[in-house]
Every structure is written in C-alpha cells, then in structure tokens.
Amino acid sequence: MDKAKPFCISKREVWEAYKRVRANQGAAGVDGQTLAQFDEDLSNNLYRIWNRMSSGSYMPECVRRVDIPKSDGRTRPLGVPTVADRIAQMVVKRRLEPLLEPVFHNDSYGYRPKRSAHQALAQARRRCWQRDWVLDLDIKGFFDNIDHELMMRAVRHHTDSAWMLLYIERWLKAGVKMPDGHQERSDKGTPQGGVISPLLANLFLHYAFDCWMRKHYPGIAFERYADDVICHCDSQEQASELRQALEQRMRECKLELHPHKTQIAYCRDGTRRHNYPQCTFDFLGYTFKPRRAMTRGGRLFVSFAPAVSDAAGKAMRQTMRRWRVSRRSDLELPQIVRWIEPQLKGWVQYYGRLHRSALSSALRSLDYALMRWAQRKYKRLRGHVKRAWDWLNGLRAQRPNLFAHWLCASPARQ
C-alpha cells in the first residue's frame, strides 16, 4: 500500500479482481483490447489501474453497445466495458458486495453468491402449488431506466467510501458508443454487461420493490431474479390490487410496468379447475402451466409445473439450424461431439432440471440433423431413412452419454 495515495486500494485487490475478470472472459470494449492483448503487458496494465484508482485519476471509457438477438425477434442491448474498466469494477464489487449481501431479501436470487435461477424456479413451483394466483411483473426497460440520483442515494446508504462512490457515479455516466460510432450520454440506466451493473440493479430493486413489499404486502410471497419478478396471491382481486399498487410504486421510482407483459395468471391443476383465460406464465426461460404428472405410485394427475418455454425452445432450434450439422459430412463423429457438446450440455443442465422430458421435443431436431449427417457420411445409409434411424438409435443404445440430450427422453423414431 502506498501511503501517499489518497485512496486505500491495495495492489492485491487489483490482482484478485483481474483473476476474476480473466476467468469470466468477455469481449473487447471500445478500445478494441482483448484479454489476450491486455495480458501481453500485464504487469504495467495492472499497475496503471491501481495507480489511477488509488490517486483518484481513474476515468472509465464509455461502454461498447452490442445488440443481442432475443427469441421474440427483438434485441437486448448490452454495454461492454473495456478490460481495464471490468477489472476496476470488479475491485469495487468485491468491496461492496459483502456490505450488501447481508441486507438483501431472501427471495432475491439474481446474480448473488450461492443463489441460482433453479432455486428461484423451485421456490416458484412450490408456491404455485400453495397459492392460486400469480402476478407476473415485467419492468419496462429496467436496466436502461434506472434513475442515477436514486441509485446513488441507495449506494450512499451502505457505504461512505469516497472512492467507491466516485467511481460508481463515473461508471453510471460514462456513456455508450453505438454500433454506428456515435457516442450517447448516460443520463439514466446502468448498462447490462458491466461487472458492477447486476449488483447495482439488485440494490435499486431492493429498495424499489423488496423492502416496499415487506412493508406494504408482507403476506404476499415473491421470487425476484434481477428484474424478473413473480408474486403469489390468494385471489384474482388481491393480484389486481397489487398490480395497481406496484404501478404507482414504479412511477415513484421513475420506472414503469410493461402494460402488456405484466399479467395475472391462474395456477390451474387437477384440483383447481376453474376456467380462466390466463393459466400460464413464463419465468426464467421456463413456462409454468397445467401439465400431466405421475405420482411415485404410478397414478396420473394434473400439476401446475414448469418446463422449458416455447420461446427458449425456438431459440435452441434456431441455433441448431445455424450449425447445419447435416451438411458437415467433412467432420467425423468425435469432431461433431466436441463442437456442439458444450452448448448442448449447457441447455440440458439449465432447461432439463425441471420436467426434463419436455426438453426432448425442443432438441429432437438435432437427432434429425444427425440422421441426415449419417446419410451423407456413410454410403450404406444413403437413401435409406429407416436404416439411418436404426444406426442412430443403435449408437444411442451403445453410447447413451455421447450427446447430452439423449438422457432426456426415449430413442428417436422415424
């Protein structure tokens, strides 16, 4: 530690932050510098970050705007900071997160240590069995519309560290460089893609939503994953009242509920049989709706349960079409496995956790692609669809773990 520096930030903190950023990888920011290029002069680059942060002269670059396609045809805007800015943000996150974690709500799951989307989904499923109605909240453009003044007020409530407050405010106002090259000022919002953004977003909604719910509606349980929120109500009237109250609350916090995506749904199952127009909702890539299920004793019944959503299934099929596996007869089977297995395994691990068999229909098109690949690859299978399917199902019987999705359902049929 250099005693002459006005801010007490150790070189070890910068090094530990770098290791976290290095593990997370990520694209280059507006300066075009990749992690590999940053590593070429690692010692000097890290010293520069420490020196500027410790002296108060650190000024972040604007973030690079990247539009990520969504399953509904729209895009999600991400703001990619430079490598140096990601490291600096990680320094602040590692200091600030331990201060905030103890005060965060138990039903806040997004971007928190030892918490996951699957925990939120499992809790939502249990509560849907207990309560008849759900209010599915959608905050319109949440990350883009966070009010900076309210955000900084929340941060100051938990720390008086001058350097953390200084740099958080600078990141909020750093601006965005658009794909066409022009730069926009940041008067509100915190860009998705920044290291510090999820923590700040959780802090904002901790006060805008979590604490407000605890005070005004303590009897209504909820699950929140960042800005994705599900509230469990006893009646349609209670859900409608809560929606109106939350519309007002969001306006007070300079946010807005999406008028069409925010909806009230009835948790219909084998015992709750009323006919209401809305008996389904999406949460974290899963669709909750009435589904056939089986007891341990083998009795069929109708449960209100989650499984991979249609939107997620469509996105997976689009990705698989882009692979064009059926046309890659230049590759051997082990090469295809190495190529697609990381993505496939990620889908199965996330979407196959609950109601796993429903994932098989979304991934069935991959088996068709593999069958057509085999017909192109092996002369004996050309023009013989049944023989190609027999080959694929034989391979599956011999090596059921070869492709991750084969564990989700029964063998593919012609």
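Up top is the structure.
Residues numbered from 1 in each chain as written. Predicted model: local features only at pLDDT ≥ 70, side-chain atom pairs only at ≥ 80, totals over all residues. Heavy atoms only, no water.

Colleague: Describe the sheet that holds strand β7 (residues 228–233), listing the residues and the values that go with them.
Modeller: Here four strands make up an open sheet; going across it, the order is β6-β7-β3-β8 and the pairing antiparallel. Each edge of the open sheet carries a strand with a single partner, namely β6 (221–225) and β8 (263–266). Shown here is a sheet whose adjacent strand axes are inclined to one another by a mean of 20°, direction ignored. For strand β3 (residues 133–138) and β7, the ladder comprises six bridges, and the chain directions are antiparallel. Looking at the pairing, Leu 135 lines up with Cys 231 of β7. Across the sheet, helix α5 (residues 117–130) is in contact with β3, β6 and β7; its angle to β6 comes to roughly 160°. Its contacts with the sheet place helix α9 (residues 197–216) against β3, β6 and β7, and it is angled at close to 175° to β6. (Pairing = 2+ DSSP bridges. Helix = DSSP H or I, 4+ residues; strand = E, 2+ residues; numbered from the N terminus. Axes fitted to C-alpha atoms, helices over the stretch in contact; angles between N-to-C directions. Contact = heavy atoms within 4.5 Å.)

Colleague: Could you give me a rundown of unusual backbone geometry, with the residues and numbers involved?
Modeller: Despite not being glycine, Lys 114 has its phi angle at roughly 60°, a positive value. Mapped onto the secondary structure, Lys 114 falls in the loop between α4 (83–100) and α5. With phi around 50°, His 355 is a residue other than glycine that occupies positive phi space. Residue His 355 is classed as partly exposed on the basis of its relative accessible area, which comes to 30%. (Buried < 20%, exposed > 50% of the residue type's maximum accessible area, 1.4 Å probe, protein only.)

Colleague: Give me the sheet that holds strand β2 (residues 75–80): which residues, what numbers.
Modeller: Within a sheet, each strand pairs with its neighbour through backbone hydrogen bonds, oriented either parallel or antiparallel. Spatially, the four strands line up as an open sheet ordered β2-β1-β4-β5, and their pairing is mixed. The open sheet has two free edges, formed respectively by β2 and β5 (183–184), since each of these has just one partner strand. Relative to β5, strand β4 (residues 176–177) is paired through two bridges, and the arrangement is antiparallel. Residue pairing for β5: Val 176 is matched across the bridge by Glu 184.

Colleague: Now, about the packing of helix α12 (residues 333–351) against helix α13 (residues 358–377): what can you tell me, with residues and values included?
Modeller: Angle between the axes and distance between the axes: these two values describe a pair of packed helices. Running from N to C, α12 and α13 point in directions that differ by 175°, and their axes come no closer than 12 Å. Classified by the interaxial angle, the pair formed by α12 and α13 is roughly antiparallel. Facing Leu 333, Ile 336, Ile 340, Leu 344, Trp 347, Val 348 and Tyr 351 of α12, the residues of α13 in contact are Leu 359, Leu 363, Leu 366, Leu 370 and Trp 373. Within the contact of α12 with α13, the residues separate by chemical class into twelve nonpolar, no polar and no charged. (Parallel < 35°, antiparallel > 145°, perpendicular 65-115°, else oblique. Nonpolar A, V, L, I, M, F, W, Y, C, P; charged D, E, K, R; others polar.)

Colleague: Before we move on, can you summarise the nonpolar core with the specific residues and values?
Modeller: Counting 69 residues, the largest nonpolar core has Met 53, Ile 87, Cys 231 and Leu 242 as the members making the most contacts within it. If one sorts the elements of this core by residue count, α9 sits on top with ten residues. Other than its neighbours up to four places away in sequence, Cys 231 contacts Trp 133, Val 134, Leu 135, Leu 137, Phe 209, Met 213, Ile 220, Ala 221, Phe 222 and Leu 242. Core analysis: the second largest hydrophobic core is formed by 53 residues, Tyr 109, Ala 312, Trp 373 and Leu 395 among them. (Core = buried A, V, L, I, M, F, W, Y, C linked by side-chain atoms within 4.5 Å.)

Colleague: Tell me about the packing of aromatic side chains, and please be specific about residues and values.
Modeller: Counting across every chain of the model gives 28 aromatic pairs. Their ring planes at 50° and their centres at 5.0 Å tell us that Trp 133 and Tyr 266 sit as a pair that is tilted. Within this pair, whereas Trp 133 is found in strand β3, its partner Tyr 266 is found in strand β8, the two being separated by 133 residues in sequence. Using a relative accessible area of 6% as the deciding quantity, one classes Trp 133 as buried. By relative accessible area, which is 2% here, Tyr 266 ends up buried. (Phe/Tyr/Trp six-rings, centres within 6.5 Å; stacked < 30°, edge-to-face > 60°.)

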